[in-house]
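Structural features, examined
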Amino acid sequence: MLKKTLIGLAALLLSVVGVIATRPSAFTVQRTATLPVTPEIAFSRVNDFHPWNEWSPWARRDVNMKTTYSGAGSGVGAIYAWAGNEQVGEGVMTIRESKPNELILIQLQFLKPWAATYTTTFTFKPVGDGTEVAWSMRGTHDFMGKAFSLFMDTDTLMGRDFENGLANLTVAAVAEKMRRPEEKARAEAEEARAAKERADAAAEAAAVMQGAPIGTKIMPLPTNP
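Throughout this document, residue positions are counted from 1 along each chain, in the order its sequence is written. Given that this is a predicted model, residues contribute local features only at a pLDDT of at least 70 and side-chain atom pairs are listed and counted only at 80 or more, while totals for whole chains, interfaces and linings are drawn from all residues. Note: side-chain values were computed over all heavy atoms of the structure, leaving out hydrogens and water.

1. Points about the pattern of salt bridges
The working definition used for a salt bridge is a side-chain nitrogen of Lys or Arg within 4 Å of a carboxyl oxygen of Asp or Glu. Taken as a whole and assessed by the stated rule, the structure comprises 8 salt bridges. With its nearest N and O atoms 3.8 Å apart, the salt bridge here joins Arg45 to Glu176. Placement of the pair is Arg45 in helix 2 (residues 39-47) and Glu176 in helix 4 (residues 154-209), with a sequence separation of 131 residues. Throughout, exposure labels follow a simple rule: accessible area from a 1.4 Å probe, protein chains only, divided by the maximum for the residue type, with under 20% read as buried, over 50% as exposed, and the rest as partly exposed. The exposure class of Arg45 is buried, given its relative accessible area of 10%. Given the relative accessible area of 8%, Glu176 is considered buried. Of the charged contacts, one joins Glu176 and Arg179 as a salt bridge, the two residues approaching to 2.4 Å between their closest N and O atoms. With Glu176 and Arg179 both in helix 4 and 3 residues apart, the pair spans about one turn of that helix. We classify Arg179 as partly exposed; its relative accessible area is 29%. Ionic contacts of the salt-bridge type, sharing partners, join the residues Arg45, Glu54, Glu176 and Arg179 into one network. By definition, any uninterrupted DSSP run of H or I lasting at least four residues is a helix, any uninterrupted run of E lasting at least two residues is a strand, and each is numbered from the N terminus.

2. So, the sheet that holds strand 1 (residues 26-35)
A pair of strands is treated as paired once DSSP finds two or more bridges between them. Spatial ordering of the open sheet is given by 1-7-6-5-4-3-2, a layout of 7 strands whose pairing is antiparallel. The strands lining the two open edges of the sheet, one partner per strand, are strand 1 and strand 2 (66-71). Here the average twist between neighbouring strands, direction ignored, is 20°. Sheet topology note: the strand 1/strand 7 (residues 130-140) ladder contains 10 bridges and is antiparallel. Paired with Thr34 across the bridge in strand 7 is Glu132. In this analysis an axis means a line fitted to C-alpha atoms, helices contributing only their contacting stretch, and an angle means the value between N-to-C directions, from 0 to 180 degrees.

This is how it looks when you write it as structure tokens:
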């Protein structure tokens, strides 16, 4: 009886292993959203890793997550590394390709809780008064990954995070859209103030050169009628 039971369990185990081994290894997850901003604004929120924590769905799972930035400030060569709790793990992202307002390709390396390397892509396409942003990730499962996918679909698991991330990105991009006119107005006011100070300094310098007291404004001589 025991022998038959063991043989049955072995046969079942081999059957499960066979099912896992024949599952497809390659996978792609993609989600799309239309943001009510220009491609330039949407692109800027992704091409620079520094504002990622404003919208990343994983940053909100660990408020104490440690992040470091290295390499280029943005675009190709920019590097973002993170280390957090068991929900976010540890890994490194590196921008490998960047086409302004069109495409960003990122190499995504997970270090913990498991080691894996995937390719993440963001594309940006003008649609009416907004921008269609497509966020995708592709890679391959090893044997353990195939086994895990028997119980949890990768598209469902990662897709939910992508949907949340795109929703957060929409909020961040709209905030950036609202902030830019204010920053432009402040910059113009600062430039006007600096220009006035330069003009006043030039007038005082001219007055000193002509022997007038400091603070005297030199008026242009009248022209003959």
